[in-house]
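Notes for the structure review
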Amino acid sequence: MYDFTKVSKNSNGDMNTFIDLAGKTGDVTMYGGSSATSDGLLFSSSNGNARSNPSDSKVDLTSNRSLVAWVTLKDLNVKAGAAIAINSGNIFDAIDWAERETGKWMNGSDGYYRTCPIPTTVPVLSQTGTKQCIVITQSLVNNKVQTKIYIDGQKVSTCQTDNPNTYKAGNWNAVIGPRLWASNSQAGWLNGIVHSAA
């Protein structure tokens, strides 16, 4: 769990770190076009990201997991970034903005292996400046991944997909801004503020 309204100093004394309040993922550090504000973690350019160190992750994440973020978008046309993502090499799961369909949140994943088809029940966001709570839950049901998406407390999507996976402790990290950070480059970015995430 990260409260992005509260920035802390790193070991060098730089104010660029957010503390992992749950003690499972590791602290997150800002990079590129990201900055700390009183409202949260602001992304304002395509190289903005924040991420933890994979070696700091302390638990295995099985297919029974959830992602949560409180976010306000400032440019709806910037697509395919994430309010929060789990990464391990090129493998990822994310709260993904409009990668496949304009104006809609989705559960992003590598190769769309665990991504739900986007139903008409997922609302289209048409205004910037709207603070939203996005929740994605996943559970293992009969060896399939059951995914549910909630927006501001309302369930808007349910599906089952193949390809369950486990992120091993010491080998995954939290990424905020892009949906994927691998080989020192990022895929996608988010233009807005992430207030908190878990």
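Residues numbered from 1 in each chain as written. Predicted model: local features only at pLDDT ≥ 70, side-chain atom pairs only at ≥ 80, totals over all residues. Heavy atoms only, no water.

Let's talk about the side chain of Arg65
This is how the line gets drawn: Secondary structure is summarised from DSSP: a helix means a run of H or I of at least four residues, a strand means a run of E of at least two, and numbering begins at the N terminus for each. Only protein chains enter the area calculation, which uses a 1.4 Å probe; residues under 20% of their type maximum are buried, those over 50% are exposed, and those in between are partly exposed. Between N or O atoms, a polar contact is any pair within 3.5 Å; within protein, one atom must be a potential hydrogen donor and the other a potential acceptor, and residues adjacent in sequence are included only when both atoms are from side chains.
With respect to the helices, strands and loops of the structure, Arg65 is situated in strand E8 (residues 65-73). For Arg65, a relative accessible area of 9% puts it in the buried group. Engagement of the side chain of Arg65 in a polar contact is seen with the backbone oxygen of Thr62, the distance being 2.9 Å.

So, the sheet that holds strand E9 (residues 81-88)
In plain terms, the rule: Strand pairing requires that DSSP identify at least two bridges connecting the strands.
Taken together, the eight strands give an open sheet; going across it, the order is E2-E3-E4-E7-E15-E9-E10-E11, and neighbouring strands pair in antiparallel fashion. Taken across any chain shown, the strands that pair with only one partner, and hence form the sheet edges, are strand E2 (8-9) and strand E11 (105-109). Sheet analysis places E9 next to strand E10 (residues 91-97), joined by six bridges and oriented antiparallel. Bridge pairing links Ser88 to Ile91 in E10.

Describing the side chain of Ser88
Applicable threshold: In this description, contact between two residues means that some pair of their heavy atoms is separated by no more than 4.5 Å.
Here Ser88 lies in strand E9. The exposure class assigned to Ser88 is buried, which follows from its relative accessible area of 16%. Polar contacts involving the side chain of Ser88 include one to the main-chain carbonyl oxygen of Asn171, which spans 2.7 Å. Beyond its immediate stretch of four places on either side in the chain, Ser88 contacts Tyr167, Asn171 and Trp172.

Focus on the packing of aromatic side chains
Worth spelling out the cut-off: For Phe, Tyr and Trp, rings pair up if their centres lie within 6.5 Å, where Trp contributes its six-membered ring, and each pair is then called stacked (planes under 30 degrees apart), edge-to-face (over 60) or tilted (otherwise). Each ring is checked for a lysine NZ or an arginine CZ that lies within 6 Å of its centre and within 35 degrees of its normal; such an atom marks a charge sitting over the ring.
Scanning the model with the defined rule gives three aromatic pairs in all. Look at Phe4 and Phe18: their rings are 5.0 Å apart centre to centre, the planes differ by 85 degrees, and that puts the pair in the edge-to-face class. One end of the pair, Phe4, is in the loop between strand E1 (2-3) and E2; the other, Phe18, is in strand E3 (residues 15-18), with 14 residues separating them in the sequence. By the burial criterion, Phe4 is buried, and Phe18 matches it. Through successive ring pairs, a cluster of aromatic residues spans Tyr2, Phe4 and Phe18. A cation sits over an aromatic face here: Arg51 above Trp181, 3.8 Å from the ring centre.

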